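Reading the structure
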Amino acid sequence: MASSFFTQIPSLSSIFSIYTSLSAFTILFRTILHEIIPEKIRDFIVSRFSDYFSSYFNTNFTFIIQEQCDYVTNQTFRAAETYLPTLLAGMSTGSLLVHSSNLNNPLAKPKFGIPVKAKIFDEFEGIPLEWTLLSERNENPHQSRPKRYFHLTCKKEFRDKIMSDYFTYIAKSSVEILTHVENLNIHTYHPEWGWESTIFQHHTTFETLAMEPELKNTLIRDLDAFSKGKDFFKSVGRAWKRGYLLYGPPGTGKSSLVAAIANYMNYSIYDLQLQSVKNDAMLRQILTSTDNRSILLIEDLDCNGADASCRDEKKDEGGDGENQNKKKKEKDPKVTLSGLLNFVDGLWSSCVEERIIVFTTNHKEKLDPALLRPGRMDVHILMDYCTPVVFKKLAALYLGIEEHDLFEPIGKMFLEVKATPAEITEQLMVSKNPDVTLKGLVEFLEGKKMSKESEGSEIKETEARCSLM
Ligand SMILES: Nc1ncnc2c1ncn2[C@@H]1O[C@H](COP(=O)(O)OP(=O)(O)OP(=O)(O)O)[C@@H](O)[C@H]1O
């Protein structure tokens, strides 16, 4: 039996000749394949084979969650980015990515960042999960920011469970985390990189903002009603958003009021310069990639692109203005008023929940009437020149005094001289001594009054000269 087994084994030379023939056949076959079948089709066949075999043998399933989808920030990516650092604290890794960017408080505890390529483990209802953040160079030549995406891997049989329950769970967790953030962010839009965030450290609150008390209280009540109004807005079929138009001369506290609202509501700010937005489609993409519970701020609306009056002014500045303007408009369609209105109260206004929209302008009269119609911006707030009440509040804040002999004459001067709160605060910082500072303020206001009078008499003189000619 043993001898017959050995006699059936082919000799070494025959094995060698079979191997040589097979090799020759393979080389011949590959050469024919290379010559007959084009490279692209070959790659396709190979990839199909490898896909089939790897999916057949692989028991894992991987979700790919890209940061951007169709130019809009993927909210699942955003939720994962917020949620995953909470897992990092307890992880037994060799290294951790930590960062601290709170300039207000250098002693603040550093936060955990998500390291690229590191595996982060989670468990959901007993299902083990593995997250990895990946980053690669962006192929889009207009985007210098790397392309980032998460891989979330689980066993194949849990795919549907993860899809239906786990993603909802991390979305809810991220909302919860963002509601209790210690630091607010201010995001500014960059045409190449998208929204860029930094910690918002403006100290203005409603306590430090000098405004007519009645106006301030009305505004605070309005904000309170808005933040508690989810069910109300739903019941009346309106998007949960509120629009404020802040108008008034420069230096009257419009930006400061936005900061006070952000600090009061604990909302981050998205500060958008409309000039950096190419057209309505881009505006839609930008605005849909902002978070809930935030303030969308468009400052200096009268000079910000979507307003016809500002374009007319620019047209007048150039020599051959009209033609140049026409050509520019054709090449670069810019944001239209209707595109902007669509976000204020059109169909797109409901794409983000609990959203405050703030427009500021120094020239309300220059705005397109369409923006001012009822229902567009819910509340119009005039931030005006200093009044005696506003001045008293500023004096209390800057000098720590409630009364002074000079309060009455200074108060009377505000009826004749227009001074902005910004000008007054500058004067109030001259000295800590109230007598010195208030005397200086009286001189400042008298100087303003005199220059106003001499301006007035110059105008009268010119008018008189004109009528003589
Ligand atoms: N109502 C106010 N209460 C307290 N401080 C104020 C007020 N208004 C202005 N200030 C002071 O003046 C500075 C400039 O004001 P702010 O930038 O808020 O004015 P603005 O109306 O937004 O001006 P612009 O129209 O030029 O943007 C503030 O940083 C603040 O110190």
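What counts, and at which threshold
- Residues numbered from 1 in each chain as written.
- Predicted model: local features only at pLDDT ≥ 70, side-chain atom pairs only at ≥ 80, totals over all residues.
- Helix = DSSP H or I, 4+ residues; strand = E, 2+ residues; numbered from the N terminus.
- Buried ≥ 20, exposed ≤ 12 C-beta atoms within 10 Å, placed from the backbone.
- Contact = placed C-beta atoms within 7 Å.
- Axes fitted to C-alpha atoms, helices over the stretch in contact; angles between N-to-C directions.
- Parallel < 35°, antiparallel > 145°, perpendicular 65-115°, else oblique.
- Left-handed = near helix turned anticlockwise from the far one by under 90°.
- Nonpolar A, V, L, I, M, F, W, Y, C, P; charged D, E, K, R; others polar.
- UniProt positions renumbered as here; feature names shortened; annotations may be inferred.
- Arc of directions from axis to C-beta.
- Near = placed C-beta within 6 Å.
- Domains from an automatic or database assignment.
- Pairing = 2+ DSSP bridges.

**Considerations on the overall build of the protein chain**
- A tally of helices and strands in the protein chain yields 18 helices and 15 strands.
- Out of the 469 residues belonging to the protein chain, those deemed buried represent 21%.
- The contacts in the protein chain between residues at least 6 apart in sequence include a share of 71% that link residues at least 24 apart.

**Looking at the packing of helix H4 (residues 75-83) against helix H6 (residues 159-179)**
- Two elements in contact, H4 and H6, have axes whose closest approach is 8 Å; the angle formed by their N-to-C orientations is 60 degrees. The angle between H4 and H6 falls in the class oblique. For the pair H4 and H6, the crossing hand works out as left-handed. In contact with Thr 76, Ala 79, Ala 80, Thr 82 and Tyr 83 of H4, H6 contributes Phe 167, Ile 170, Ala 171, Ser 173, Ser 174, Ile 177 and Leu 178.
- The residue makeup of the contact of H4 with H6, split by class, is eight nonpolar, four polar and no charged.

**Regarding the environment of Ile 64**
- Looking at where Ile 64 falls in the secondary structure, it is placed in strand E1 (residues 60-66).
- In the structure, Ile 64 is positioned 85 residues away from Tyr 149 in sequence and 6.8 Å away in space, judged by C-alpha atoms.
- In contact with Ile 64, other than residues within four places in its own chain, are Tyr 149 and His 151.

**Remarks on the UniProt feature "transmembrane region" (unreviewed entry) in the protein chain**
- Per the UniProt annotation, the sites labelled "transmembrane region" (unreviewed entry) are residues 12-33.
- Helix makes up 100% of residues 12-33 and strand 0%, with an end-to-end C-alpha separation of 31 Å.

**A look at the packing of helix H15 (residues 388-399) against helix H17 (residues 421-428)**
- With their axes 10 Å apart at the nearest point, H15 and H17 run at an angle of 35 degrees to one another. The chirality of how H15 crosses H17 is right-handed. Here Val 390, Phe 391, Leu 394, Ala 395, Tyr 398 and Leu 399 of H15 come into contact with H17, specifically with Pro 421, Ile 424, Thr 425 and Leu 428.

**Some remarks on H17**
- Looking at H17, one finds that the buried residues are Pro 421, Ile 424 and Leu 428. Along the axis of H17, the buried residues cluster in a sector spanning 60 degrees; they form a single face.

**What about the site of the ligand?**
- As a matter of local geometry, the ligand sits amid 15 residues, with Pro 250, Gly 253, Ser 255, Pro 421 and Ala 422 nearest to it.
- Elements supplying a minimum of two residues to the shell around the ligand: helix H9 (254-265) and H17.
- Of the residues belonging to the shell around the ligand, the class tally is seven nonpolar, seven polar and one charged.
- Built from parts of two domains, the shell around the ligand gets at least three residues from each of domain 3 (197-382) and domain 4 (388-468).

**Focus on the sheet that holds strand E10 (residues 194-200)**
- Overall, mixed pairing links the seven strands, which are arranged E10-E9-E12-E13-E14-E11-E15 in an open sheet. The two strands at the open ends of the sheet, each matched to only one other strand, are E10 and strand E15 (379-382). The mean inter-strand angle of the sheet, taken between neighbouring strand axes irrespective of direction, is 20 degrees.
- Of the strand pairs in this sheet, strand E13 (residues 294-298) and strand E14 (residues 355-361) are connected by five bridges, and their pairing is parallel. Within E14, the residue paired with Ile 298 across the bridge is Phe 359.

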